[in-house]
Amino acid sequence: MNEQGIGASVRRKEDQRFLIGKGNYTDDINVAGQTHAVFVRSPHAHAEIKGIDTSAAMAASGVVAVLTGEDLAADGIGPLICGVTVTSDDGEPHRAPAHPALAQGKVNYVGDHVAVVIAESKSEARDAAELVDVDYSVLPAVTGTRSAADPGQQQIHEVAPGNVCFNWPFGDKDGVEAAFAAAHKVSKLDLVNNRMVTNPMEPRAALGEYNTGTDEITLHVTTQNPHVHRLVLSAFNQLAPEHKLRVVGPDVGGGFGAKIFVYAEELVVGWACRKVNRPVKWNADRTEAFLADAHGRDHVSTAEMAMDGNGKFLAMRVHTKANLGAYLSTFGTMVPSYLYAFLLAGQYATPLIYSEVKAVFTNTAPVDASRGAGRPEATYLVERLVDICASDMGLDPAEIRRRNFIPVDAFPYQTPVVQCYDSGDYPAALDKAMELADYDGFESRAAEARARGKLRGIGFSSYVEACGIAPSAAVGQLGAGVGLWESAQVRFNPTGNVQVFTGTHSHGQGHETTFAQLVNDQLGVPIENIEVIHGDTAKTQFGMGTYGSRSLAVGGVAISRACDKLVAKGKKIAAHALEAAEGDIEFADGSFSVAGTDKAMSIGEVAFNAYVPHSYPEGVEPGFDENAFFDPTNFSFPAGTHICEIEVDPETGVVEIVKYSAVDDFGRLINPMIVEGQVHGGIAHGVGQALLEGCSYDSEGQLITASYMDYAMPRADNLPSFDVDYAPTNPPDNPLGVKGCGEAGAIGAPPAVINAISNALGVKHIDMPATPENVWRAAQQATAASA
Amino acid sequence: MYEFNYRKVDSVDAAVEAIQQADDGKFVAGGQTMLPTMKHRLASPSDVIDLGGIAELVGVCVEGDTVIIGAMTTHAAVAASAEVQAAIPALAKLAANIGDPAVRNKGTIGGSIANHDPAADYPAAVIALGATVKTSRREIPGEEFFTDMFETALEEDEIITAVTFPVAEMAAYMKFENPASRYAIVGVFVAKTGGEVRVGVTGATSCAHRGLQLEAALGGQLDASGIDAVELPVENMNSDIHASAEYRAHLVKVMTKRAVEACAQ
Amino acid sequence: MVTVNITVNGKPVSGEVESRTLLVQFLRDNLRLTGTHVGCDTSQCGACVVHVDGKSIKSCTLLAVQADGAEVTTIEGVANGSELHPMQQAFMDNHGLQCGFCTPGMVMTALDIVNRNGNNLDEATVRKELEGNICRCTGYHNIVKSVQAGAKNMGGS
């Protein structure tokens, strides 16, 4: 193996700058003459605005401007958009209420944007923001996912009667009904997928600059997808034409989905910098992040499985209510629909699946993708239900999974819910995970724990996800407003070093290293001589960004294709220089050689020839710089089995994770060190959802968990070290044989943890987050029931 | 944060004088609660009088059967103090688990007690150990110091100078942490001093207090067998998303039992 | 406005600030030392940890004026030019960082852990000591390994 190529755990190229404090995050950037923006936010969950008096704020020290929704509308700045259409059961598109970046007469959640104050300093802007006098007429708030669409609820948006965004049935309803009627056994579970706040550690920020000379706006912003930002801000918000708008996502301190979306603050900053003709900077404090970042999850579901006498799954039926918040965020509609229902087959050969998703509006922050997006919700539901099935049938949880797994020889496997899985070996991952977890030794460990007064439990989660998002034609048919290909440009400079431009965006994933390894592997250039460039619409070709574990599976293939083009062109140039036929030129390890001879030249020499084409093949363009776009033919389907072992203190309800074993199939690994880090982080995120994190609003729509004082983030002492291994298969639908690994842990972990707790307590179910009090209560009930 | 006048003082007298001169002055000790409160604009003092320069308020000493901790002694210093570790190890342990290492390097015992966050740790120890709070004017018995949530017996211009703790024969503190803030959902300090067993409870209710029912059940002994039978008034307990009143009442008993067991070890 | 004189990473600096200016704002806005980050407003995330007179503190919870006369070390003062400190090197070698945002605070806290606990750190100690530093990317697994390895390397063994 090449020590810098595919499969090598190379140290990350990006680390040096982060370790010495030379990262370049949006809020680290300062420009001459910059002003500071602070938003006036609604303190009410639901209210009409009778008037806004900005005079006192305008008169305050240091204030440059106070702008409201009226100013925004007067300048023709459009509302924020949702990019994916879901057709409701009445045949109409989902209901899409207007989402102004600054309120137009009404606010719909606590934290909603009412006005912006721009001042010489942030302190002055904040002082003045308190002086903006808003006359609210408060309306009743709707906050509950379960009850939002009930009769008699306060109406939030005129265009969405009954607070319903869409009601989306999917699958063979009649077939499922018939299978349930004929089933030997039906298992059923009601469950909640708790609302989360995504919480990348860097709060969102934006810095807008307007150049009067070129009429160009430059927007530095915490984004996972600068070109998508530019497209949306230009085409839908009329901020500026695309060629006059530069969007830069510099170093970004984590995203996990929360920085995909185009937010009000970013649009307002971009607009305001031209309006006041000064650079405008905004950065969120953590409280604002809690209030106004898009949240994740928030489902209430009923799941049922019909089985035959052997515990074989015959059909599954799911009813889900999904909370979309007060407005539709950029991809809000897609998460509880296509990213959710299409994964309900899980790893199982369930022949019939029917689901109904009712998406509702509430007076809470918009809900959108958060690490995993839809797939954690599907996986949690399926993997909890499978454990209930096992219990109802008196089967070991591993055994019922094994009986229902899609057989290894059935791939490619067409599920009843659109997706066609291209590869997988689910029993292999299960076996390996059970070995890693020492499943056979569990009973003796449980007995030892009982002797100490502790309850030990073990839980499985055999997940599959669809990522490598996504084939453009497929998502187009489904109602997406964009294509989801990816782009790359690989450029040799005349001196032989390489610049790789990618349309993806790295915000922790280590693309600068992984992509350099990919190029090294193909072109033989040391990674020290390869620079990966991303995140600036003025530097890189159009790209779709990073989310849905797509960067390597889609963006990596584009890079590989550009490398292929360079090699093809290089052969022509080398053939000419080496006076051989093109067909006789071979390329390996960075060297073009004439087959069967010792005549060779390095790729660096070829590059030099291409830029100094004094003696050059006829008809070949000078330059050594290739572009490629790649549109995948299928999603990719990472899968695996995670096994969590926990110990409960029944007296307090405290759960300790004593062992966590993960065996995943990500296909081929480029940098195992980085992949393992992604798995660790994903698991922690999933454990956070299962044990700690619950975003909570009160009945008035006030956010109770608006800081780390009340929203419990996983900390180092909440977690163990993790045991991670792999059971790879080779996905035929991905040219690099890769699948994606960024979301797997967050998808796999929650059911593993909750299954373990249910196992320990001997209870059917406990909702997330399984806080000490919830666990204590469940333990009390279990004790009472068994007494 | 709103702007304020900053005054740094180097003596207790100067501090008292400064606050008397201010419109609406506040003392700041370690600032680990005060500054976040001001950052959120929940407090807007006209003057902030920084006690950080008063050297005489810093330090730990043991005199006979008494541990004297200067009000401006940090949690880290108390935790690391060999004298405290030897005299009242439970107190050193309590200090070692307040906040996190960086917070402990700034936060002080005087600040913590004067602020009286109902979920702070020190109040439980002050009560259970029968400590005395020494101030710029007087000595206040620990049990009478905490009056209500964020309220104490201190006057506006009164400064804590030291807290004196009688050395206990045996003592232990058990904290059940809020998973988010890591403050005490419930904290119980049990101490046996001079033949008496006292229980200090924090986090459970609006005010740190003596657990008299628990003490009665212990009957002066480090024997927790009677604790389960205690019926604590649930209606007095705090209730929030992390712990209902009923659960808190339960935790008070569990933490008491565990503290008693830890004393015995 | 008040004048503050602080020695930052060995260099004396002074500035005119409002009383309400936090140390982290002074570092970031006045001195443009942007390696120290702000990740929360309740003194919990630890992205802002620096050393003041040799001890770790949260620079979002200290007024700049309170640091008057103090010696402050930030992440920018840890490496020797581009040569990483053994703790920084351990974070690189053990993949103890992903997005890098919490990293400066983690490294400053790690150095403080070693100062107080020595070079042989067990996993439980490190996890407990990291209570005041939140990371969303790594799941802490590799941060814990990094701190242990860095501590060992600082001991020269």
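Predicted, not measured: the structure shown is a model, and the values here were computed from it.

Engineer: Any chance you could explain the sheet that holds strand β26 (residues 600-602) of chain A here in plain terms?
Structural biologist: Where strands meet in a sheet, backbone hydrogen bonds hold them as pairs that are either parallel or antiparallel. Residues and elements named next belong to chain A. Reading across the sheet, the three strands line up as β24-β25-β26 and stay open at both edges, with antiparallel pairing between neighbours. Two strands in the sheet have a free side with no partner beyond their single neighbour: β24 (585-588) and β26. Across the sheet, the axes of successive neighbouring strands diverge by a mean angle of 20 degrees, strand direction being ignored. This element, helix α16 (residues 603-611), spans β24, β25 (591-594) and β26 of the sheet and lies at about 80 degrees to β26.

Engineer: Got a minute to help me understand the domain arrangement of chain A in this structure?
Structural biologist: When the parts come together, some accessible area is lost, and that loss is often what is quoted as the size of the interface. Residue and element names in this part refer to chain A. One can read the domain layout of chain A as domain 1 (31-139 + 202-253 + 259-292), domain 2 (295-469 + 634-786) and domain 3 (485-630). Using only C-alpha atoms to locate each centre, domain 2 and domain 3 end up separated by 40 Å. Listed as interface residues are 18 residues of domain 2 and, on the opposing side, 18 residues of domain 3. Buried area between domain 2 and domain 3, summed over both chains or domains, comes out near 1,300 Å², and the portion from carbon and sulfur atoms is 64%.

Engineer: Would you take a moment to explain helix α17 (residues 672-692) of chain A for this structure?
Structural biologist: Every α-helix carries 3.6 residues per turn, so stepping three or four residues along brings you back to the same face. Residue and element names in this part refer to chain A. Taking 1.5 Å as the rise per residue, α17 with 21 residues should run 30 Å; its terminal C-alpha atoms sit 29 Å apart, in good agreement. The buried fraction of α17 is high, at 19 of 21 residues. Regarding α17, its N-cap is Asn671, as a side-chain oxygen of that residue lies 3.0 Å from the backbone nitrogen of Met673 further along.

Engineer: When you look at the interface of chain B and chain C in this model, what are you seeing that I'm missing?
Structural biologist: Counting residues at the interface gives 29 residues for chain B and 24 residues for chain C. With both sides pooled, the region where chain B packs onto chain C buries about 2,200 Å², and carbon together with sulfur makes up 54% of that total. The three residues of chain B that bury the most area against chain C are B:Glu3, B:Tyr6 and B:Lys39, which together make up 23% of that side's buried surface. Remark: the boundary between chain B and chain C carries three salt bridges. Seen at the junction of chain B and chain C, the total is 10 residue pairs in polar contact (both at pLDDT 80 or more).

Engineer: Whenever I open this one, the pattern of salt bridges confuses me. Can you help?
Structural biologist: Oppositely charged side chains can form a pair if their charged atoms are brought close together. Residue and element names in this part refer to chain A. Scanning the entire structure with this criterion turns up 71 salt bridges over all chains. Its salt-bridge partner being Arg246, residue Asp536 comes within 2.6 Å of it at the nearest N-O pair. Here Arg246 lies in strand β12 (residues 245-248) and Asp536 lies in the loop between β23 (530-533) and α15 (551-578), a separation of 290 residues in the sequence. Of the residues examined, Arg246 reaches a relative accessible area of 26% and is grouped as partly exposed.

Thresholds, definitions, all that
Residues numbered from 1 in each chain as written. Chains lettered and ligands numbered in written order. Predicted model: local features only at pLDDT ≥ 70, side-chain atom pairs only at ≥ 80, totals over all residues. Heavy atoms only, no water. Pairing = 2+ DSSP bridges. Helix = DSSP H or I, 4+ residues; strand = E, 2+ residues; numbered from the N terminus. Axes fitted to C-alpha atoms, helices over the stretch in contact; angles between N-to-C directions. Contact = heavy atoms within 4.5 Å. Domains from an automatic or database assignment. Buried area = accessible area lost by both parts, 1.4 Å probe. Expected span 1.5 Å × (residues − 1). Buried < 20%, exposed > 50% of the residue type's maximum accessible area, 1.4 Å probe, protein only. Polar contact = N/O pair within 3.5 Å; in protein donor to acceptor, adjacent residues only side chain to side chain. Salt bridge = Lys/Arg side-chain N within 4 Å of Asp/Glu carboxyl O.

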